[in-house]
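Each chain, written out:
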Amino acid sequence: MVLALLTACSEPKTGSAPKADVTTEGWYAETVTRLQEGNRQAEEALRRGDRDGAGKLIVENEKAGQRLLEAPHPTLAATLAVSDTDNLHARMLLTNKHYGWARLILQKDAARWQHWTPSSEESQRRLAAAQKGMAEVDGKMVSGR
C-alpha cells in the first residue's frame, strides 16, 4: 500500500531525452537545396506549359517540404522553400479551377507567415501575398470563372 502511494505521488517520467536539432544535420540543408531546385524546375515546367511535369515535381517537393517542417523549429530557408512549393501548387490548382483546394493551401501559407517569429519584412510580404491570393481565389469562386 505504501509503495502504491509513493508511486502515485512521484513525478511522471518523460521517457525520452530532448530531441536533437535536426536543422543542424547535413540531410536538412541538402533537402532545402533540393527543394529549392525542385521549385525552380517546377516553375520552369509551368512556364513551358508542361503542367504534368510541373505537377509531378510539386508532389515530390511537397514530400520533401513535409519532412523539413517536422523539425520543431524549421529554418527560414526551409520555410521559404516550402512556401514557394505551396504557392506553385496553388497556382496549378487555380488553372484547373480547383478553387477550394487552392484557397486552403494559400490559407495555410498565410497562417505560416502570420505566426512566424520574429516577424520580418519578408514574412510580412509573404503574408500579404498569401492574403492577396486568397482574395483572388474568392473572387473567382464568386464569379465562377
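Quick note: structure is the one above.
Here goes a summary of the coordinates provided. Bear in mind that the values here come from a model prediction, so they are computed numbers and not experimental data. (Residues numbered from 1 in each chain as written. Predicted model: local features only at pLDDT ≥ 70, side-chain atom pairs only at ≥ 80, totals over all residues. Heavy atoms only, no water.)

Thoughts on the overall build of the protein
Next up, step 1: Counting secondary structure elements, the protein contains six helices and zero strands.
Next up, step 2: Along the protein, helices (α) and strands (β) appear in the sequence α-α-α-α-α-α when read from the amino end.
Next up, step 3: Sorting the 145 residues of the protein into buried and exposed places 33% on the buried side.
Next up, step 4: Here the contacts in the protein between residues at least 6 apart in sequence split such that 69% fall between residues at least 24 apart.
Next up, step 5: For the protein, the computed accessible surface area is about 9,700 Å², with 57% contributed by carbon and sulfur atoms. (Helix = DSSP H or I, 4+ residues; strand = E, 2+ residues; numbered from the N terminus. Buried < 20%, exposed > 50% of the residue type's maximum accessible area, 1.4 Å probe, protein only. Contact = heavy atoms within 4.5 Å. Areas by Shrake-Rupley, 256 points an atom, 1.4 Å probe, with all protein chains shown as cover.)

A word on the pattern of salt bridges
Next up, step 1: For the structure on display, the rule yields twelve salt bridges.
Next up, step 2: As a salt-bridge pair, E122 and R125 come within 2.9 Å of each other at their nearest N and O atoms. Taken together, the residues E122 and R125, both in helix α6 (residues 121-143) and three residues apart, mark about one turn of the helix.
Next up, step 3: Relative accessible area serves as the criterion here: at 26%, E122 is assigned to the partly exposed category.
Next up, step 4: By relative accessible area, R125 is classed as partly exposed at 46%.
Next up, step 5: Of the charged contacts in the structure, one is a salt bridge between E122 and R126, with a shortest N-O distance of 2.8 Å. Pair noted here: E122 and R126 are both in helix α6, with a separation of four residues, about one helical turn. (Salt bridge = Lys/Arg side-chain N within 4 Å of Asp/Glu carboxyl O.)

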